[in-house]
Structure formats: structure tokens, C-alpha cells
Amino acid sequence: MKVLVTGGAGYIGSNTLVELIAAGHEIFVVDNLVNGKKSTIDAVMNISNQRFVFFDCDITNRENLSCLLDKVKPDVVMHFAGVKSVNESISNPIYYYDNNFYGTSCLLHSMDQVGCKKIIFSSSATVYDPKGEPPYTESHPTRPINPYGRSKLFSENILEDWASLDRDRSAICLRYFNPAGAHTSGALGEDPRVEPTNLMPIILKVASQSIERLNVFGGDYPTDDGSCERDYIHVTDLAKGHVAALDRVRSLLGYNIFNLGSGEPTSVLDLVMKFSLVTGVEIPYQIVSRRLGRLSEVVGKC
């Protein structure tokens, strides 16, 4: 299929590009390079040994986006574009609603103009209600506790309404938990422009002595070792999950939700100890105060 990928220069988007090309799809990539890098696009081309069209475009610019979709006329849109820091969303919520919710609205408007009726949305497990015992299934109630999660849920809501407009539309929302790792080449890892907030890139910075120690936010959660537990999924497995959704998007009509995860909880301190065991590099850490908007355990059932 002809696939337009928004946010393709980002961590998850770029790894998915590699898998899409390997599966034989024709891809077109859109990214405003606020968080992604043009060098990441070059790395994908080198890994896949294939050239493709890249558009430097912000999806909230409806005029430019509509012109772009009119040129490409995609069969399917795979939507990764957005901002994703829980901490930043708490301090700057409007920025998150503008980028994530309004950006999705602009994208659907442009898709309608060219008759594209299939979309796969990169959502998040942060949409789930923290009440109730993990693991979270797709039927678990939604009630996000931070603006990032709400911006994702609002986007899901508009996708559900959009998909109900006629019988040929299909929207697949993929809710996933904590991606980690890198492509086997080592060229596509998590390398944000801003200071990282995800655990694994911070551990790597400590290992390389770029920062002195890891701050573990909270040591008194109701878990085995007192640190938060999360469901980590390798980024390549996550990318392959998106390709699997693409294989179903034509036959699976209407609005559908799927979790992508390992189903296994791993605590922050567990991950630190396992990293040290595998690499032989000690990771100094200190327990500090909890962060706002964080749950003790987020684990999915797929």
C-alpha cells in the first residue's frame, strides 16, 4: 500500500519505516523535525537501501498538509506525529492539545479532502483509568491523569467519530506502554532533541558518564521494590505491531483498539540492575520525590 507516515523522523516512527519498507509498502514521510532529526531519515534510507519522499511539514498547518496529501493521495495514514512528555504536558498543556489533538483534527480534515479513509493511530496506555488492578485490557475504562494522556484520548475520540461517518472508514488505535531499545544496526535509537525523560536513554547517559546519576522518582510505591513498574516493549516489536495493523486496516472496518506490550511488569530498579548485569557498567542512582501524574504500575494485557 501507499502509506503516509506522520512523525516518521521520531524514535518509533523511524523504526516503523524500516519495517514498512521491508514489508514492501511505498512510504511517504512527514515530520516538522521539532523532536526528530533529518539524519534519522537518512539512517532509515541507508538501513533499507531505499529512497523515499520526505516532507518537512507541521501537520497543524492545514493548508500545507492538504496540498501534501493531494500530491501523495495515500491509501493509509500512519499517525505518529505529536509531543509525548508527561512532565512537559503538565507545565504546558495547551501546547499538547494544539499538537496532538488539533494536529489529528487537521490530518483527518486533509484525509477527507483526498478520500483517504484508513488511519492507524499511535496512541498511549496513559489513556487508561488508574483505578482498578493491572494488567489493563482494551476494555479497561479510560481516565487519563495528565494532559498528555488527555490529548491522546481526545484524539482517539475524534477518530472514533470520524470512523463512524461511513462504512468504508477504518481507524485502528494502538495503545502501548514503554518502548525501549534500538534497531539492530544501532543507528535508530531513542535520541531526542530535548533532555530525555524516558528511563532507558537516561540510564545510557549515566553509563556514558554524561550525567552523574539516575534520579529514581519515588521509592515508596506499593511495588516489590518501591519503584514504579512499567510494561517495556522493544521498539522493533512495536514497529512490527504497526505493520501488522496495516495488514488488517482494509478488512477491519470502523473503530478498533489494540494494546501493544509485553504484559510483564519491570520496575525502574529492576531495569537498572539488569542493565548493569548485562553491560558490567554500574549505574549510580538516588531515590527522590515522586513526580506528578505518575502511577505505581502500568502493565497491559494484549
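Scroll up a little and you will see the structure.
Residues numbered from 1 in each chain as written. Predicted model: local features only at pLDDT ≥ 70, side-chain atom pairs only at ≥ 80, totals over all residues. Heavy atoms only, no water.

1. Side note on the packing of helix α1 (residues 11–22) against helix α2 (residues 38–48)
1) Next: At a closest axis distance of 10 Å, the pairing of α1 and α2 adopts a crossing angle of 25°. With respect to each other, α1 and α2 are oriented roughly parallel. As for the relative orientation of α1 and α2, their crossing is right-handed in sense. Between α1, through S14, L17, V18 and I21, and α2, the contact on the second element is made entirely by T40, I41, V44, I47 and S48.
2) Next: Looking at side-chain class alone, the contact of α1 with α2 contains six nonpolar, three polar and no charged residues. (Axes fitted to C-alpha atoms, helices over the stretch in contact; angles between N-to-C directions. Helix = DSSP H or I, 4+ residues; strand = E, 2+ residues; numbered from the N terminus. Parallel < 35°, antiparallel > 145°, perpendicular 65-115°, else oblique. Left-handed = near helix turned anticlockwise from the far one by under 90°. Contact = heavy atoms within 4.5 Å. Nonpolar A, V, L, I, M, F, W, Y, C, P; charged D, E, K, R; others polar.)

2. Overview of the pattern of salt bridges
Think of it this way: side chains of opposite charge can pair up when their charged atoms draw near.
1) Next: Under the defined criterion, the tally for this structure stands at ten salt bridges.
2) Next: Among the ionic pairs, K73 bridges to D70, the shortest N-O distance being 3.2 Å.
3) Next: A relative accessible area of 46% places K73 in the partly exposed class.
4) Next: A salt bridge links D112 to R169, with the shortest nitrogen-to-oxygen separation between them at 3.0 Å. Of the two residues, D112 is situated in helix α5 (residues 93–114) and R169 in the loop between α6 (147–163) and β6 (170–176); the sequence distance between them amounts to 57 residues.
5) Next: Accessibility expressed as a relative area gives 9% for R169, which makes it buried.
6) Next: One salt-bridge network, held together by shared partners, links D112, K117, D166 and R169. (Salt bridge = Lys/Arg side-chain N within 4 Å of Asp/Glu carboxyl O. Buried < 20%, exposed > 50% of the residue type's maximum accessible area, 1.4 Å probe, protein only.)

3. Topic: unusual backbone geometry
1) Next: The phi angle at K73 is positive, at roughly 50°, despite the residue not being glycine.
2) Next: Residue position: K73 is located in the loop between α3 (62–72) and β4 (76–79).
3) Next: The backbone phi angle of Q209 is positive, close to 65°, even though this residue is not glycine.
4) Next: Within the secondary structure layout, Q209 lies in the loop between α7 (199–207) and β8 (214–217).

4. Considerations on a nonpolar patch on the surface
1) Next: Taken together, the side chains of M273, Y285 and I287 define a hydrophobic patch exposed on the protein surface, amounting to about 280 Å² of accessible area.
2) Next: Tracing the backbone shows I287 in strand β12 (residues 285–288).
3) Next: In this structure I287 comes out as partly exposed when scored by relative accessible area, which is 46%. (Patch = residues over 30% accessible without salt bridge, like charges linked within 9 Å, V, L, I, M, F, W, Y side chains within 5 Å. Areas by Shrake-Rupley, 256 points an atom, 1.4 Å probe, with all protein chains shown as cover.)

5. What to know about the nonpolar core
Within soluble globular proteins, side chains that are nonpolar generally end up buried alongside one another.
1) Next: Counting 35 residues, the largest nonpolar core has L17, L20, I41, F52, M78, I120 and L246 as the members making the most contacts within it.
2) Next: Sorting the residues of this core by element identifies β1 (2–6), α1, β2 (26–31), α2, β4, β6 and α8 (235–248) as the ones contributing at least two each.
3) Next: Here this core gets six residues from one element, more than from any other, and that element is α1.
4) Next: Look past the residues within four positions of I41 in its chain and what remains in contact with it is G8, A9, L17, V29, F52 and F54.
5) Next: Counting 24 residues, the second-largest nonpolar core is a separate cluster that includes V30, C57, L68 and L159. (Core = buried A, V, L, I, M, F, W, Y, C linked by side-chain atoms within 4.5 Å.)

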